[in-house]
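# Commentary on secondary and tertiary structure
One-letter residues, chain by chain:
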Amino acid sequence: MFLREQIQLGTWPQTLPGELELAKQLQVGRNTIRSALALLELEGWLTTRAGKRREVTGKIAPTEAARQTAVLLLAVPFHALSSTTLLWMEALRRSLEGIGWQLLTEVESAAYRRSPSTALEALAAKHPGVVWVLHRSTLAMQRWFETRRLPTILAGSRYAGVSLPQVDTDYRAVSRHAASRFVALGHRHLLVVGSRTALAGDEESITGFQEGAGPATVSLAYHNETPDGVVAVLRQSLEARPLPTGWFILRADHFATAQTWLLQHGVRLPAQISLVSRDDEPFLQHLYPEPTRYRRSAEAFARKLHRLIISGGKNGPLTHETPRLMPDFIRGATLGKAPPA
């Protein structure tokens, strides 16, 4: 952020110019300036006093900076993560480094087991006083961090009964929209393709899809997350009667398996079956026909995580904020009218 950089350079050693003057200098709207100043106040760079200009708090002292750490907990190493996950991770790292924080990563598959307490206790002892960011966390993990009252943010969906702050896609709204698009195009038999190890976001997706389906019937097909497992449920679904003509596939990699397999077996898309992917990855744009899908901004996701991390690091216990992102609908070419009955 330009304002933060200027403060770090000492452009305004004591107080900032007024909002109107800053807006004129930077040639942006006053609302943009206000949003930027609010973020800088949250980060601790500025202090506001009634009737006075904003005071510059000053640079973070080295001893304080050493304590400003966020730890991102992962189940798998970087090479196994999706491109979109890597994008928001890098954006988050850059933004935190810009204000003197550091973002560490811990890959610990044991933390994702049914009983993760031993692994989590060891991690907590290794990283005292940090803000934890949990990626694709399980219910057991979420309950453990909430019980210990450690500053924790969920980079993803939280389970029912958990009150940790989260940043996530509004999967329920996305899936409701997808179902309504199918129905509007005449589809009356719909299918959701998901993993047997459903995360909280997958559960929300199914709920939202069923809400949006209205008079249509919804079938569920669960696989083991391997290409062979996806193909197995595709075969079964093609044999179902009545045949589902609108398929909603939750993960982008599973969508790619489904589209390529169906085309290989002579299924015409979308003339016979329409496909929609809940998630997006850069590789989907190279498929033909182009998939219909929902695209989330990695930068927006990282910004919302940044705000919550700073709040947890400077103010202790985190609030129960739940920033939700509504992705853009990419129309693509795999969604069409239902075939004649």
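Residues numbered from 1 in each chain as written. Predicted model: local features only at pLDDT ≥ 70, side-chain atom pairs only at ≥ 80, totals over all residues. Heavy atoms only, no water.

Taken domain by domain, the protein chain consists of domain 1 (1-56), domain 2 (68-169 + 298-325) and domain 3 (171-296). Counting residues at the interface gives seven residues for domain 1, matched by six residues for domain 2. Carbon and sulfur atoms make up 61% of the surface buried where domain 1 meets domain 2, a total of about 620 Å² over both sides. Its largest share of buried area at the contact with domain 2, domain 1 owes to L39, L42 and E43, together 67% of the area lost on that side. Inspection of the region where domain 1 meets domain 2 yields zero salt bridges. For the pair domain 1 and domain 2, the interface holds zero residue pairs in polar contact (both at pLDDT 80 or more). Sorting the residues of the side of domain 1 that touches domain 2 by element identifies helix 1 (2-9) and helix 3 (30-43) as the ones contributing at least two each. In terms of residues, the side of domain 1 that touches domain 2 owes the most to one element, helix 3, which gives three residues. Across the side of domain 1 that touches domain 2, the residue classes break down as three nonpolar, two polar and two charged. (Domains from an automatic or database assignment. Contact = heavy atoms within 4.5 Å. Buried area = accessible area lost by both parts, 1.4 Å probe. Salt bridge = Lys/Arg side-chain N within 4 Å of Asp/Glu carboxyl O. Polar contact = N/O pair within 3.5 Å; in protein donor to acceptor, adjacent residues only side chain to side chain. Helix = DSSP H or I, 4+ residues; strand = E, 2+ residues; numbered from the N terminus. Nonpolar A, V, L, I, M, F, W, Y, C, P; charged D, E, K, R; others polar.)

This part covers the sheet that holds strand 4 (residues 102-107). Across the sheet, which stays open at both edges, the six strands sit in the order 4-3-5-6-7-13 with parallel pairing between neighbours. On the outer flanks of this sheet lie strand 4 and strand 13 (324-325), each paired with one strand and no other. Both strand 3 (residues 69-74) and strand 4 contribute to a ladder of six bridges, which runs parallel. Pairing of L72 across the sheet is with T105, part of strand 4. Packed onto the sheet, helix 5 (residues 83-97) meets strand 3, strand 4, strand 5 (131-135) and strand 6 (152-155) and runs at close to 145° relative to strand 4. (Pairing = 2+ DSSP bridges. Axes fitted to C-alpha atoms, helices over the stretch in contact; angles between N-to-C directions.)

Another aspect to go through is the environment of A91. The topology assignment puts A91 in helix 5. Counting along the chain gives 211 residues from A91 to A302, while the straight-line C-alpha distance between them is 6.0 Å.

Attention now goes to unusual backbone geometry. Of note, the bond from L269 into P270 is cis; its omega dihedral lies within 30 degrees of zero at 0°. As for its placement among the helices and strands, P270 is situated in the loop between helix 11 (252-264) and strand 11 (274-277). Note that the residue after Y288, namely P289, is joined by a cis bond; omega there is 0°. Its place among the elements puts P289 in the loop between strand 11 and strand 12 (292-295). In this structure, R136 takes a positive phi of about 50° despite not being glycine. On the secondary structure map, R136 appears in the loop between strand 5 and helix 7 (139-148). Assessed through its relative accessible area of 40%, R136 is described here as partly exposed. At R149, a position not held by glycine, the phi torsion is positive, near 55°. Tracing the backbone shows R149 in the loop between helix 7 and strand 6. Classification of R149 as exposed rests on a relative accessible area of 69%. (Buried < 20%, exposed > 50% of the residue type's maximum accessible area, 1.4 Å probe, protein only.)

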